[in-house]
Protein chains: 2
Amino acid sequence: MAKTAITPTREQDFSAWYQNVISAADLAENSPVRGCMTIKPYGYAIWELIQKQFDAIIKSMGVQNCYFPTMIPLSFFQKEAEHVEGFAKESAVITHYRLKAVDGKITVDETAELTEPYVLRPTSETLFGEAMSRWVNSYRDLPMLLNQWANIFRWEMRPRIFLRTAEFLWQEGHCAFATKEECLKHALKMLSTYENFAKDTLALFSYTGEKTPEERFAGADNTYTFETMSQDGKSSQSGTSHNLGQHFAKSFNIKYQSEEGKEEFAWTNSWGVSSRLIGAMIVAHSDDDGLILPPAIAPYECVIIPFIKSDMDTKALTAYCEKVKESLLNAGIRVLFDNSDMRSSDKVWKWIKKGAPIRIEIGANELSQDSVTITRRDLGKASQKQINLKSISEIRDVLNTMQKDIYEKHKSLTLDSTKTVKTIEEAKELLAKDFKGFIKLPYKETLSEKYDELKETYKITRRCLPLEDKETVIIAKSF
Amino acid sequence: MAKTAITPTREQDFSAWYQNVISAADLAENSPVRGCMTIKPYGYAIWELIQKQFDAIIKSMGVQNCYFPTMIPLSFFQKEAEHVEGFAKESAVITHYRLKAVDGKITVDETAELTEPYVLRPTSETLFGEAMSRWVNSYRDLPMLLNQWANIFRWEMRPRIFLRTAEFLWQEGHCAFATKEECLKHALKMLSTYENFAKDTLALFSYTGEKTPEERFAGADNTYTFETMSQDGKSSQSGTSHNLGQHFAKSFNIKYQSEEGKEEFAWTNSWGVSSRLIGAMIVAHSDDDGLILPPAIAPYECVIIPFIKSDMDTKALTAYCEKVKESLLNAGIRVLFDNSDMRSSDKVWKWIKKGAPIRIEIGANELSQDSVTITRRDLGKASQKQINLKSISEIRDVLNTMQKDIYEKHKSLTLDSTKTVKTIEEAKELLAKDFKGFIKLPYKETLSEKYDELKETYKITRRCLPLEDKETVIIAKSF
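Everything quoted here is computed from the prediction, not taken from an experiment.

**What to know about the relation of the copies chain A and chain B**
- Superposing chain A onto chain B takes a rotation of 180° combined with a translation of 0.0 Å along the rotation axis, leaving an RMSD of 0.0 Å. Between the two chains, the operation in question is that of a two-fold axis. Closest to the rotation axis within chain A is the C-alpha of Ile94(A), separated from it by 2.1 Å.

**Concerning the packing of helix α2 (residues 41–60) of chain B against helix α8 (residues 276–285) of chain B**
Residues and elements named next belong to chain B.
- Packing of α2 against α8 leaves a shortest axis separation of 10 Å and a crossing angle of 110°. Classified by the angle their axes make, α2 and α8 are roughly perpendicular. Here Gly43, Ile46, Trp47 and Ile50 of α2 come into contact with α8, specifically with Leu277, Ile278 and Met281.
- Across the contact of α2 with α8, the residue classes tally to 6 nonpolar, 1 polar and no charged.

**What about the environment of Ser23(B)?**
- Inspection of the secondary structure assignment puts Ser23(B) in helix α1 (residues 14–25).
- Sequence separation between Ser23(B) and Val324(B) is 301 residues; the distance between their C-alpha atoms is 30 Å.

**Here we look at the nonpolar core**
- Counting 94 residues, the largest nonpolar core has Met71(A), Ile94(A), Leu120(A), Met71(B), Ile94(B) and Leu120(B) as the members making the most contacts within it.
- Ignoring anything within four residues of it in the chain, the contact list for Ile94(A) reads Met71(A), Leu114(A), Pro117(A), Tyr118(A), Leu120(A), Ala92(B), Val93(B), Ile94(B) and Leu120(B).

**Describing the sheet that holds strand β8 (residues 113–120) of chain A**
- Strand order in this open sheet of 6 strands is β4(A)-β8(A)-β5(A)-β5(B)-β8(B)-β4(B), and the pairing throughout is antiparallel. Of all the strands in the sheet, the pair left with one neighbour each is β4 (71–73) of chain A together with β4 (71–73) of chain B. Put simply, the sheet's adjacent strands are angled 45° from each other on average, direction ignored.
- Relative to β8(A), strand β5 (residues 93–96) of chain A runs antiparallel, the two sharing 3 bridges. Note on β8(A): the bridge partner recorded for Ile94(A) is Tyr118(A).

**What to know about the packing of helix α2 (residues 41–60) of chain A against helix α6 (residues 180–200) of chain A**
Residue and element names in this part refer to chain A.
- Two numbers describe how α2 lies on α6: the axes approach to 12 Å, and their chain directions differ by 140°. Classified by the angle between their axes, α2 and α6 sit oblique to one another. Crossing hand, α2 versus α6: right-handed. Contact residues: Ile50, Gln53, Phe54, Ile57 and Ile58 in α2; Met190, Thr193, Tyr194 and Phe197 in α6.

**Remarks on the pairing of strand β13 (residues 235–243) of chain A**
All names here are of chain A.
- In terms of residue burial, β13 counts as a mostly covered element, since 8 of its 9 residues are buried.
- In this structure, strand β12 (residues 222–229) lies alongside β13, joined through 8 bridges in antiparallel fashion. Among the inter-strand pairings, Asn222 is bridged to a residue of β13, identified as Asn243.
- Once β12 ends, the chain turns through 5 residues before running back antiparallel as β13, passing Gly233 with a positive phi of about 80°.
- The sheet contact formed by β13 and strand β16 (residues 267–274) spans 5 bridges and is antiparallel. Bridging from a neighbouring strand, Asn243 pairs with Asn269 of β16.

Each value, and the rule that gives it
- Residues numbered from 1 in each chain as written.
- Chains lettered and ligands numbered in written order.
- Predicted model: local features only at pLDDT ≥ 70, side-chain atom pairs only at ≥ 80, totals over all residues.
- Heavy atoms only, no water.
- Least-squares fit on C-alpha atoms with pLDDT ≥ 70 in both.
- Axes fitted to C-alpha atoms, helices over the stretch in contact; angles between N-to-C directions.
- Helix = DSSP H or I, 4+ residues; strand = E, 2+ residues; numbered from the N terminus.
- Parallel < 35°, antiparallel > 145°, perpendicular 65-115°, else oblique.
- Contact = heavy atoms within 4.5 Å.
- Nonpolar A, V, L, I, M, F, W, Y, C, P; charged D, E, K, R; others polar.
- Core = buried A, V, L, I, M, F, W, Y, C linked by side-chain atoms within 4.5 Å.
- Buried < 20%, exposed > 50% of the residue type's maximum accessible area, 1.4 Å probe, protein only.
- Pairing = 2+ DSSP bridges.
- Left-handed = near helix turned anticlockwise from the far one by under 90°.

Below, the structure written as structure tokens:
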């Protein structure tokens, strides 16, 4: 068996492999702050690309960014009863506003206790709701389409980098509408916007659907989700869009005067994707040599690696590499010339593990032939080919093809690992044989004690009712 | 006296005027969360322009972005003694991680108390320090240039929007170096980077200098600052750069192996600017009609306002406005066509109060002459002129001139309102006559009881020792 850069392999221990891919690519690490992660520069650069691209999309849809406080007074949080119940058990609570020194040791100043404790936002429907009750007055103010990019806090008992941490980064859209229909339509539009974004940027195929009542967001009429599959057949809830109906409008008194002069409650929705997308992407695409990044989300789409031999004119090689870099920059390609003090073969492995989409190797041959040798990260040696410097912009086509190929591969994986059955007994048979994937079955089959048993034994959950067939439910393990 | 859009005027009550400019421009509001602000879309768009432009600058200087947790364990915070002392009195403290319902009322779950309380970051030297102690190993890892864009928490007893709030937005750079000289040089380089950024983007003239020992950052060897003047002669500390020496390297054990194989402590610095910049800009430039935005920081550099008369072909006018808008977009100018359902004269006042740099008015005359009428916000009617559609790209020159003019005006204000005196008695005389501005005097003059009296009576503080003359100190009131 060939040696792999990441051990254990996916086959041997998928969870350990996931952690090791992240650390070998230097994306992030567990923080000494319990349950939190530190996102390192290479990982943060991926998040910046997600932000930049998604931000442009929502702005083109008329959404405006703003920023609300992180601390939410308990009394606000409490106004929507289901909402507070859903988040109470994972809330970080601020109770004091000052420290004091006692014998050189710093401690909480008990005399500085807040009269009302604050919760660190686990989501911000409450503060947006309160503001909208003042900002929305007339039908002319609607729709009001707001968003914020923020850090979010949910106390996680079993933290896992990018997927579940006590603090994470996200965007949260909060919108108000005049009618029920508009509000629902927009919630669904955001779901399809997420689906397309996941495809075009992260090369993720996803199932879109509605959460069953048991899995709904605390305080929503409908929760829509897009679920993506890991290579071990588990599901990641990669983003959600909630139709909140009039729950928050009534709790926070968001009213508007209609064209006919009548006072009406507004309808609201909210929608979010988070740094979890990075985790979902890793478990979908990466291999036993480490990270595989779709070009659209890669901090460097190409990395140039010079191969220096002892008898070579190093200056000429470096100058040639710089020239190649310039051509690629001019073609609008994100490129790094890795001119660091490291052996070329080590550089190759470094950038394999970091998932750079295309490696560009340049040595004596390439220099003499005015060419470069390119290798696709996802296909490896088999994809190696020489390209003349004159045709260097062809690399854009290779990147585009690669983006599509990674998506198609993930789509095939997902479809091939989705089995449709008719009864809960059939589902049980599959799971007993250690089936790795999603199981589709009639929703009503899961409204039974047999399902509860299955859920308990195999740790599966209902993921969603696919939009095109709401009689059916997808069940799977959660990554 | 001419009617002004903002009352009271600057002359009548500068503080009230400041609040009213912010609310008339719809930039931000006081949040119901104590001491916090909500940044509304128009204000947040200004922050996004600051972020985008400053982020590009630091990236070009080799700085990499990353993201650290918001919650800092007390034990970390405590490692640098001066540091914790400096921030202890304004720390928000997290003590619990769960809520519970008692008789339908939500309350803190006392059984879920943290064994070690967390502080919401008032700054992140401690977490960066801990990470650098692991990330820095060899001289090859240095310099390590990191930055994060984040929310920051400092419990403020006298909050004021943008200038002092319990939560605000900022960037914090944290860098480690091999030598003392490099570290100091870089801290100073960041100071001049800030000075230039403030000039080019916010059109702010600033005094750059070193804070006196009394005003230094908690745990720094040197704190450098750039101070900008408000129109009522007060000073805003608009950003700081700290040379931390080896304080944090020693507290957190940031060591590296030198080229000679010796183990050495690193040297660190940190530097930050925040959403306070928006406040500093407002008090520097705006007038009694509201906000004045330098073009470089304006969400819309131009706003097109159609003037419709009852007998007009509305469609033709709208089409013409769209055409003008397209031309400006093609010239790379941020433009809004205000086609809302509002009277033209109301739109004019709206965009005066919102500080749009150039108003473009289009009515029957302009339509028939293939022209537009432009007005600069800072100069008003006197600057009105007609421009032919063919020469529309000239607007870029007008914007550039305007950016320079606003800066020069602020520079003149600052220089004209700076008085140099030789003794503390002379300073007292000025202050007794209600002098509004900065006073320069020999630093040693302020090392006396007389200075302490002055400080108490007139609420002045030492702002900085100008870099070019460290024997001198600038004293002023703080905005």
